[in-house]
Structure formats: C-alpha cells, structure tokens
There are 2 protein chains.
Amino acid sequence: MSYTNIPKPTESELEILHVLWEHGPSSVRFVNDKLNEEREIGYTTTLKLMQIMADKGLALRNTESRTHIYKAAVSEADTQKRLLQKFVDTAFRGSAVKLVMQALGNHQASPKELDEIKALIEKMESEDDDQ
Amino acid sequence: MSYTNIPKPTESELEILHVLWEHGPSSVRFVNDKLNEEREIGYTTTLKLMQIMADKGLALRNTESRTHIYKAAVSEADTQKRLLQKFVDTAFRGSAVKLVMQALGNHQASPKELDEIKALIEKMESEDDDQ
DNA sequence: TTGCTTTTACGAAGAGCTTCGTATATAATT
DNA sequence: AATTATATACGAAGCTCTTCGTAAAAGCAA
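Once that is clear, we can look at the overall build of chain A. Across its full length, chain A carries six helices and three strands. Reading the secondary structure of chain A in the N-to-C direction produces α-β-α-α-β-β-α-α-α. Its C-alpha radius of gyration of 19 Å places chain A more than 25% over the 14 Å reference for a compact globule of 131 residues. Taken along the three principal axes of its C-alpha coordinates, chain A extends 55 × 35 × 25 Å.

Okay, here's the thing in structure tokens:
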C-alpha cells in the first residue's frame, strides 16, 4: 500500500515520533530501547510500526547499512497542530478557547509559563488593534 | 459485556454525546437526524452505537415507551477533562502550556475571550501568591 | 567453519470501532 | 384486517491498530 498524503500518526506512532524528534535519526533497536523505558513492547512490534511509518510517509529510512536508520519525516510543531485541530473539533466542537480554559484550569503551569501565555495574548491583542 | 468503570467515549460516541448534551434526553431517531445534518449515517448504525453507549455506561436509557429515550450519563466538562488529559499526554508529552500556546496561536479567539483567559491566568497567579 | 546474535521481512491473530443487513415486534394507516 | 411504517435486537463484515511468531539474511564469535 502507498499513501499520497501523509496521514495523522496513531498513538503508537506518536510515541516513536517523540523519540525521533528528541534524539534524531535512530535505529529500531534504539527506539525500541527508549520505548521500553516507558512500557514493555517487543522488538518486532517496534520494527513493524516503524516500517509502517516509513510506508505512510511519517518517517524516512536509510537502508544503506544493514541496520536501517529512521528519521522523522514530519515536524513536531506541524504534527501537534494537526492533531490539535482535530481534537478541538471532536472534543470541544471547535472551541479552542474552551480547551484553553480547561487546560489551564486542570494542569499546573509555572508562573513563568503563565507569563509567557499572557505575553502571547497581549501580543495577539495588539496585533488586532492594528487592523 | 458489562463495564465496571466508564471508558472514554470514541469519536462516534462523542458525536452522539454532543447531541445529548445540547438537546437533553433524546430518541435514536432524533439523534440520528441530528447526526445526518453533519454527515450520512444509517439509522441502525446510530441505534447500535447508542445501545453500546448504554452498555458502557456512557448513556442511560428509558425503555418505558416503545421508543427508547437516551440521556448522557457523563457530563460534558468531565468528559472533556478526561479526553484533554489523555491528549496532552500523548500529543504534547504532558506539557499543557505548549498545548495552550499552540491552541492560541492557531485558532482565532475574540478579544473578549482573550480577556477571559487573561483574567483566569491572573486569578491563578494571585492564588499562587497566597501560598 | 560452525554456531550464536542481530536484523529485516512477512504474515497473521486479536481487539476495538464503525457500519449495516436482516429479523422481529409494535404501532399507525388505509 | 391487511398493509405499511417505525422501533429494537442481533450478528457479522470490514477496517485500522497493535502485537508478535516465524523465517530468512547478514554479521560476529568460538
């Protein structure tokens, strides 16, 4: 099977992407070891997932050496943006603000982080004023 | 099959919950009509989903009349909280702040909404000061 | 060289979700 | 009463995702 446009990563694929994003191009062995720091998962399971990801276009692989090296083919920011878009639609019926309020209410953020968010809001507001 | 603790709703189940949350207790016919305003879906498909939801504990049904009436057994806020928790973990590796920044950056929020968020942040900051 | 380890390839099982066809019962219509 | 419409119940197919067993190839060690 082959894909014309890259699909959203599944949950397991996301776990793998996080390893690739954090550590750069990696072998299946390396990724599997990282995943096993979080949960138990067989080597061939990881292998299969990464092969599927290459097939889907989520990852690229270098097959020059016997040990294939995979790297992420999608960026973290873009992927999070896509996933967030979908999530806002399905869980919050499109209301990003409701999601933001929930997220701020339920999770603790440091004073510094809160200030960052406030700064972003103020920046957005000043940009609106310009129009 | 029966469930001891209520599972997370799937995407289709969420669509149905949204109808129940918005319109209150409803028949399968009513829900199916609402869903069909968004996309094509067969009546027995909706029926089956709602029966499963009742089985899972996501919905309650009143079977007194021939036309069963279903109502949500989980609240919108609680459900969104649960889904958000999971989503932050999988897509943003637990960083709610990153999610908030993305959400604010990608979706337009009205000045009024931005002010609400700012107010919430300030309230949180003042609460922190008290400690 | 012979055997052990590592790696990829392949296929398939099992689970969950979505979808709908068919059967059956009940109500409404003519 | 006979027909038509509406409702629930049941089962199963098709899809995706996850998981892993097994086989084959390539490299390493005794």
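The full set close to DNA strand D counts 23 residues, and Thr-10 and Ser-12 of chain A together with Arg-29, Tyr-43 and His-68 of chain B are the nearest of them. Side-chain polar atom of Arg-39 of chain A to a phosphate oxygen of DNA strand D: 3.0 Å apart, as the coordinates give it. Listed by contribution, the elements that provide at least two residues to the surface near DNA strand D are α1 (11-23) and α3 (43-56) of chain A together with α2 (28-38) and α3 (43-56) of chain B. Classifying every residue of the surface near DNA strand D gives five nonpolar, nine polar and nine charged.

Okay, the packing of aromatic side chains next. This structure, assessed with the given rule, holds three aromatic pairs over all chains. A network of ring pairs unites the aromatic residues Phe-87 and Phe-92 of chain A together with Phe-87 and Phe-92 of chain B as a single cluster.

A few words on the protein's contact with DNA strand C. Surrounding DNA strand C, one finds 23 residues, the nearest of these being Arg-29, Tyr-43, Arg-66 and His-68 of chain A together with Thr-10 of chain B. Here DNA strand C approaches the protein such that, of its atoms within 4 Å, sugar and phosphate make up 64%. Between DNA strand C and Gln-51 of chain A there is a distance of 3.0 Å, counted from a phosphate oxygen to a side-chain nitrogen or oxygen. Residue Arg-66 of chain A places a side-chain N or O atom 2.8 Å away from a base oxygen belonging to DNA strand C. Among the secondary structure elements, those contributing two or more residues to the surface near DNA strand C are α2 (28-38) and α3 of chain A together with α1 (11-23) and α3 of chain B. Considering only residue class, the surface near DNA strand C consists of five nonpolar, nine polar and nine charged.

Quick look at the relation of the copies chain B and chain A now. Superposition of chain B onto chain A requires a rotation of 180 degrees combined with a translation of 0.0 Å along the rotation axis, giving an RMSD of 0.1 Å. Seen this way, the second copy is the image of the first under a two-fold rotation axis. No C-alpha of chain B approaches the rotation axis more nearly than that of Val-100 of chain B, which lies at 2.7 Å. Taken together, the interface assignments show that 100% of the residues at the interface of chain B recur at the interface of chain A, consistent with an identical surface on both copies.

Further remarks concern the pairing of strand β3 (residues 69-72) of chain B. All names here are of chain B. Alignment of strand β1 (residues 26-27) against β3, held across two bridges, turns out to be antiparallel. Across the sheet, residue Ser-26 finds its bridge partner in β3, namely Tyr-70. As paired strands, strand β2 (residues 59-62) and β3 are joined by four bridges and run antiparallel to one another. What sits directly across from Arg-61, in β3, is Tyr-70. What sits between the antiparallel neighbours β2 and β3 is a turn of six residues.

Now for the domain arrangement of chain A. Looking at the assigned domains, one finds that chain A contains domain 1 (11-72) and domain 2 (76-130). Each of domain 1 of chain A and domain 2 of chain A has a C-alpha centre, and the two are 30 Å apart.

Before going further, it helps to examine the sheet that holds β3 of chain B. All names here are of chain B. With antiparallel pairing, the three strands of this open sheet are ordered in space as β1-β3-β2. The strands lining the two open edges of the sheet, one partner per strand, are β1 and β2. Packed onto the sheet, α1 meets β1 and β3 and runs at close to 90 degrees relative to β3.

Let's shift gears to the packing of α1 of chain A against α3 of chain A. All names here are of chain A. Interaxial distance between α1 and α3 falls to 10 Å at its minimum, and their mutual angle equals 90 degrees. By the criterion of interaxial angle, the relationship of α1 to α3 is roughly perpendicular. Side by side, α1 and α3 meet where Ser-12, Glu-13, Ile-16 and Leu-17 of the first sit next to Thr-46, Leu-49, Met-50, Ile-52, Met-53 and Lys-56 of the second. Across the contact of α1 with α3, the residue classes tally to six nonpolar, two polar and two charged.

Rules of the game
In every chain, residue numbers begin from 1 and rise along the written sequence. Chain A is the first chain written and ligand 1 is the first ligand written, with later ones labelled in order. Thresholds applied to this predicted model are a pLDDT of at least 70 for local features of residues and 80 or more for the giving and counting of side-chain atom pairs; totals over whole chains, interfaces and linings are not thresholded and use all residues. The basis for the side-chain values is all heavy atoms of the structure; hydrogens and waters are excluded. Only DSSP runs of H or I covering at least 4 residues are called helices, and only runs of E covering at least 2 are called strands; the numbering of each starts at the N terminus. Based on C-alpha atoms, the radius of gyration is set beside the globule rule, defined as 2.2 Å times the residue count to the power 0.38. Near residues are defined by distance, with any heavy atom within 4 Å of the molecule or strand qualifying the residue. N or O atoms closer than or at 3.5 Å make up a polar contact, with two conditions inside protein: a donor-capable atom paired with an acceptor-capable one, and, for residues adjacent in sequence, both atoms drawn from side chains. The nonpolar class holds Ala, Val, Leu, Ile, Met, Phe, Trp, Tyr, Cys and Pro. Asp, Glu, Lys and Arg form the charged class, and all remaining residues, Gly among them, are polar. Classification of ring pairs rests on two measures: the distance between centres of Phe, Tyr or Trp rings, Trp counted by its six-membered ring, which must be within 6.5 Å, and the angle between planes, read as stacked under 30 degrees, edge-to-face over 60 and tilted in between. What sets the superposition is a least-squares fit of C-alpha atoms, and only residues with pLDDT of at least 70 in both copies go into it. Only heavy atoms enter the contact rule, under which two residues are in contact if any of them lie within 4.5 Å. Only strands joined by at least two bridges in the DSSP assignment are considered to pair. Domain limits in this description derive from either an automatic procedure or a database domain assignment. In this description, a line fitted to the C-alpha atoms serves as the axis of each element, helices being fitted only across the stretch in contact, and the angle between N-to-C directions of two axes falls anywhere from 0 to 180 degrees. Just so you know how the angles are binned, under 35 degrees is roughly parallel, over 145 roughly antiparallel, 65 to 115 roughly perpendicular, and the rest oblique.

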